[in-house]
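Letter by letter, the chains look like this.
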Amino acid sequence: MTNRDTIACLGAGRMGRGIAVVFAYAGHPVKVVDFKPRSEADFRKLETEALGEIRGVLTSLSDFGMFDPAQVETILSRVSIVPEAGAQAAFSSAAVIFEGVPEVLDLKREALAQVSKLAGPTPIIASTTSTILVDDISSAVEHPERFLNAHWLNPAYLVPLVEMSPGKHTDPAVTERLKAMLE
């Protein structure tokens with residue numbers, strides 16, 4: 001994987017936003033997909049809020065000397081917030097999709113089933129769960145050989161640790177590809 005590979009995050013909450021900061025900083029285009037049906041006005045409000053929070057995080061990081069403040073807008077330009085209607089395009093063009101919906105088994109299974117169908121067979125799909133075993137949700141994913149858990153500690157952009165948990169169906173090459181990207 002290269003820093004030109006697109007990363008998709010399912011969920012525009014704190015986890016998705018934090019992962020977006022990490023990968024945008026590393027040079028990747030990032031699509032944060034809002035999977036909830038919303039009116040255009042409600043989506044625009046969410047988009048403004050999410051990009052504002054990401055800009056604020058990047059500004060704080062630059063203020064701490066992690067990078068030149070002039071880079072904030074360049075890094076931010078790599079992030080887009082995508083409405084539900086754009087989910088298929090976002091997921092099918094991604095190298096890796098991080099699922100970041102709340103820690104509810106049925107909700108995760110439903111989201112992962114939709115994501116894997118929309119994404120097609122190619123992207124790696126990683127759940128950010130910290131409480132559900134990968135084998136308990138992998139059956140929801142088409143092509144479970146490309147699925148594993150990748151639990152980020154919060155906030156993702158400050159804590160350099162991701163716990164990876166492959167399942168019994170996860171292809172070891174998928175685990176290695178994701179590990180290399182995360183490193």
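This report concerns the structure included in the present document. (Residues numbered from 1 in each chain as written. Predicted model: local features only at pLDDT ≥ 70, side-chain atom pairs only at ≥ 80, totals over all residues. Heavy atoms only, no water.)

Some words on the sheet that holds strand β1 (residues 7-10)
Rules: When DSSP finds two or more bridges between a pair of strands, those strands are recorded as paired. A helix here means a DSSP run of H or I that spans at least four residues, while a strand means a run of E at least two residues long, and both kinds are numbered starting from the N terminus. A fitted line through C-alpha atoms serves as each axis, taken over the contacting stretch for helices, and the angle formed by two N-to-C directions is quoted from 0 to 180°. Every residue pair with non-hydrogen atoms within 4.5 Å of one another is taken to be in contact.
Strand order in the open sheet formed by seven strands is β3-β2-β1-β4-β5-β6-β7, and the pairing between neighbours is mixed. A single partner strand is all that each edge strand has here, and the edge strands are β3 (79-82) and β7 (162-166). Adjacent strand axes in the sheet meet at a mean angle of 25° when their direction is disregarded. Pairing of β1 with strand β2 (residues 30-33), which is carried by four bridges, proceeds in the parallel orientation. Bridging across to β2, Ala 8 finds its partner in Lys 31. Most of the contacts of helix α1 (residues 14-25) go to β2, to which it runs at about 175°, and overall it touches β1, β2, β3, β4 (96-99) and β6 (147-152). Contacts between helix α7 (residues 172-182) and the sheet are confined to β1, β4, β5 (124-127), β6 and β7, with β7 contributing the most and set at about 175° to the helix.

Details of α7
How we decide: For every residue, the accessible area (1.4 Å probe, protein chains only) is compared with the maximum for its type, and the residue is labelled buried under 20%, exposed over 50%, or partly exposed between those bounds. Taking the helix axis as origin, the arc is that swept by the directions to the C-beta atoms. Whenever a nitrogen or oxygen atom comes within 3.5 Å of another N or O atom, the pair is scored as a polar contact, on the condition that within protein one atom can donate a hydrogen and the other can accept it, and that pairs from neighbouring residues in sequence are kept only if both atoms are in side chains.
Taken as a whole, α7 has its buried residues at Val 174, Thr 175, Leu 178 and Met 181. With its buried residues spanning 130° around the axis, α7 presents them on a single face. Residues of α7 that are buried make contact with β1, α1, β4, β5, β6 and β7. The N-cap residue of α7 is Asp 171: its side-chain oxygen and the backbone nitrogen of Ala 173 are 2.8 Å apart.

Focus: the environment of Glu 145
Along the polypeptide, Glu 145 turns up in the loop between α6 (134-137) and β6. When near neighbours in sequence (up to four residues on either side) are disregarded, Glu 145 contacts His 169, Thr 170, Asp 171 and Val 174.

Some remarks on the packing of α1 against helix α2 (residues 40-63)
Test applied: To sort the angles, those under 35 degrees are grouped as roughly parallel, those over 145 as roughly antiparallel, those from 65 to 115 as roughly perpendicular, and the leftovers as oblique. Should the near helix be turned anticlockwise from the far one by less than a right angle, the crossing is left-handed, and should it be turned clockwise, the crossing is right-handed. In this classification, Asp, Glu, Lys and Arg are treated as charged, Ala, Val, Leu, Ile, Met, Phe, Trp, Tyr, Cys and Pro as nonpolar, and every other residue, Gly included, as polar.
The geometry of α1 relative to α2 is characterised by a closest axis approach of 10 Å and an angle of 50° between their N-to-C directions. Of the possible angle classes, the one that applies to α1 and α2 is oblique. Once α1 is placed against α2, the crossing between them reads as right-handed. Note on element contacts: α2 touches α1 through Leu 46, Glu 49, Ala 50, Glu 53, Ile 54, Val 57, Leu 58 and Leu 61, opposite Arg 14, Arg 17, Ala 20 and Val 21. Of the residues that constitute the contact of α1 with α2, the class distribution is eight nonpolar, no polar and four charged.

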